[in-house]
Amino acid sequence: MGEMRVHDKQFEPYISAEKIADRIKEIAGKLNKDYTGRKPLFIAILNGSFMFAADLFKELAIDAEICFIKLASYKGTKSTGHVITAIGLDMDLFGRDVVIVEDIVDTGKTLSEFLPQLHHQQPASLKIVALLHKPEATVFPITIDYLGFSIPNKFVVGYGLDYDGLGRNIPEIFKLIE
Ligand code: IMP
């Protein structure tokens, strides 16, 4: 694919569909090994991770469950600042091996606020799988246990990721031309 326009901005090909698929197979291979006999619960965070979660889940050869949640951020009290709540988390996490599926960790703010809420439910284990990570942008350090690609601090779209609502359907990852 050549360059692509999304809204008012121009993007160039960055990570091909083939590269993504290969990396997903590698990650799934590790998960298949690490979670043999444990029936993990994958929690995919919408909207961005829907494509990644689907492709990753297809490569799992173990018994595994998946659910999808949305995170909403609202303004709490002065002392609590922004509060993140999970919409649609109707599973009991107590004693479960939980794996969070994220599209991209940017500043790390979302997960750093949300993870303590999950720990509160006392899962047996809690790991993170993320397709992309921008280490230069991360100010709230997050341990990503299974990572697709580490990328520079550039805006990307495609493969589930959007620019102002558009671009999610592009089957590969494109990078903003600056
Ligand atoms: P964080 O809380 O800063 O880590 O934000 C993570 C969320 O911001 C991701 O789940 C994405 O939805 C969004 N995001 C961060 N960087 C990008 C990008 O380059 N393209 C599209 N969405 C992004």
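See the structure shown above.
These numbers were taken from a predicted model, which means no experiment stands behind them. Every chain's residues receive numbers from 1 upward, in the order its sequence appears when written. Local features in a predicted model are, by the rule used here, given only for residues with pLDDT of at least 70; side-chain atom pairs are given and counted only at 80 or more, and totals for whole chains, interfaces and linings are based on all residues. Where side-chain values are given, they derive from all heavy atoms of the structure, hydrogens and water being excluded.

Colleague: So what's going on with the packing of aromatic side chains? Residues and values would help.
Modeller: Put simply, two rings from Phe, Tyr or Trp (the six-membered ring, in Trp's case) pair if the centres are within 6.5 Å, and we call them stacked under 30 degrees between planes, edge-to-face over 60, tilted for the rest. If you walk through the whole model with that rule in mind, you get four aromatic pairs. Between the aromatic rings of F42 and F57, the centroid separation amounts to 6.0 Å while the plane-to-plane angle is 75 degrees, which identifies the pairing as edge-to-face. Linking F42 in strand β3 (residues 41–46) with F57 in helix α2 (residues 50–58), this pair joins segments that are 15 residues apart in sequence. The cut-offs for exposure are 20% and 50% of the maximum accessible area for each residue type, with area from a 1.4 Å probe on protein chains only; residues under the lower value are buried, those over the upper are exposed, and the others partly exposed. Residue F57 is classed as partly exposed on the basis of its relative accessible area, which comes to 27%. Between the aromatic rings of F155 and Y163, the centroid separation amounts to 5.9 Å while the plane-to-plane angle is 75 degrees, which identifies the pairing as edge-to-face. Joined through ring pairs, the aromatic side chains of F11, F155 and Y163 make up one cluster. The helix and strand labels rest on DSSP assignments: H or I over at least four residues marks a helix, E over at least two residues marks a strand, and numbering proceeds from the N terminus.

Colleague: Go over unusual backbone geometry with me, naming the residues and quoting the values.
Modeller: Residues L46 and N47 are joined by a peptide bond in cis, for which omega reads 0 degrees. The phi dihedral of Y159 falls on the positive side, at around 50 degrees, and the residue is not glycine. Among the secondary structure elements, Y159 is positioned in the loop between β9 (156–157) and β10 (173–176). Residue classification places Y159 among the buried positions, given a relative accessible area of 4%. One non-glycine residue, D164, lies in positive phi territory at about 50 degrees. Mapped onto the secondary structure, D164 falls in the loop between β9 and β10.

Colleague: Break down the layout of surface pockets for me, with residues and values.
Modeller: Looking at the largest pocket, its volume works out to about 510 Å³. Lining the largest pocket are 25 residues, and of these E102, D103, I104, T110 and L161 sit closest to its centre. Elements that contribute at least two residues to the lining of the largest pocket include exactly β3, β4 (65–75), β5 (82–87), β6 (97–105) and α3 (109–119). Each residue gets one of three labels, nonpolar for Ala, Val, Leu, Ile, Met, Phe, Trp, Tyr, Cys and Pro, charged for Asp, Glu, Lys and Arg, and polar for the others, Gly among them. Looking at the lining of the largest pocket residue by residue, the class counts come to 10 nonpolar, seven polar and eight charged. With a 1 Å grid spanning the protein atoms alone, the term cavity applies to any set of points in which a 1.4 Å probe fits but cannot get out, the term pocket to an open set with protein on both sides within 12 Å along at least five of seven lines, and the term lining residue to any residue with an atom within 4 Å of a point. Grid points are joined across faces, edges and corners, and a volume is the space filled by probe spheres set on the points.

Colleague: Provide a residue-level description of the site of the ligand, including the pertinent values.
Modeller: Within the structure, the ligand sits among 15 residues, and D103, T107, T110, K134 and V156 are positioned closest to it. In this structure, D106 approaches the ligand through a main-chain N or O atom, which is 2.9 Å from an oxygen atom. When the ligand is considered free in solution it has 500 Å² of accessible area, and contact with the protein chains removes 80% of it. Of all the elements in the fold, those that place two or more residues in the shell around the ligand are β6 and α3. When residues in the shell around the ligand are grouped by element, the largest group, four residues, is from β6. The residue makeup of the shell around the ligand, split by class, is five nonpolar, three polar and seven charged. For each residue, the test is whether any non-hydrogen atom lies within 4 Å of the molecule or strand; if one does, the residue is near. Definition of a polar contact: a pair of N or O atoms within 3.5 Å, with one able to donate and the other able to accept a hydrogen when the atoms are protein atoms, and with sequence-neighbouring residues admitted only if both atoms are side-chain atoms. Under the convention used here, a 1.4 Å probe and the Shrake-Rupley method define accessible areas, while residue burial counts only the protein chains that appear.

Colleague: So what about the environment of F140? Which residues, and what values?
Modeller: Within the element layout of this structure, F140 appears in the loop between β7 (125–133) and β8 (146–150). Sequence-wise, F140 and A61 are 79 residues apart; in three dimensions their C-alpha atoms are separated by 33 Å. Once residues lying within four places of it in the same chain are set aside, the contact partners of F140 are T107, G108, K109 and S112. Two residues form a contact once any of their heavy atoms are found within 4.5 Å.

Colleague: Let's hear about the side chain of R168: which residues, and what values?
Modeller: If you trace the backbone, R168 turns up in the loop between β9 and β10. Here D162 takes part through its side chain, which lies 3.4 Å from a polar atom of the side chain of R168.

Colleague: An account of the pattern of salt bridges is needed here, citing residue identities and associated values.
Modeller: Salt bridges are counted wherever a side-chain nitrogen of Lys or Arg sits within 4 Å of a carboxyl oxygen of Asp or Glu. Applying the stated criterion across every chain, the model contains eight salt bridges. A salt bridge links R38 to D97, with the shortest nitrogen-to-oxygen separation between them at 3.0 Å. Here R38, found in the loop between α1 (17–34) and β3, pairs with D97, found in strand β6; they are 59 residues apart in sequence, far enough to count as distant. By relative accessible area, which is 36% here, R38 ends up partly exposed. The partner of E65 in a salt bridge is R96, and the shortest N-O contact between them spans 3.0 Å. Residue E65 is found in strand β4, and its partner R96 is found in the loop between β5 and β6; the two are separated by 31 residues along the sequence.

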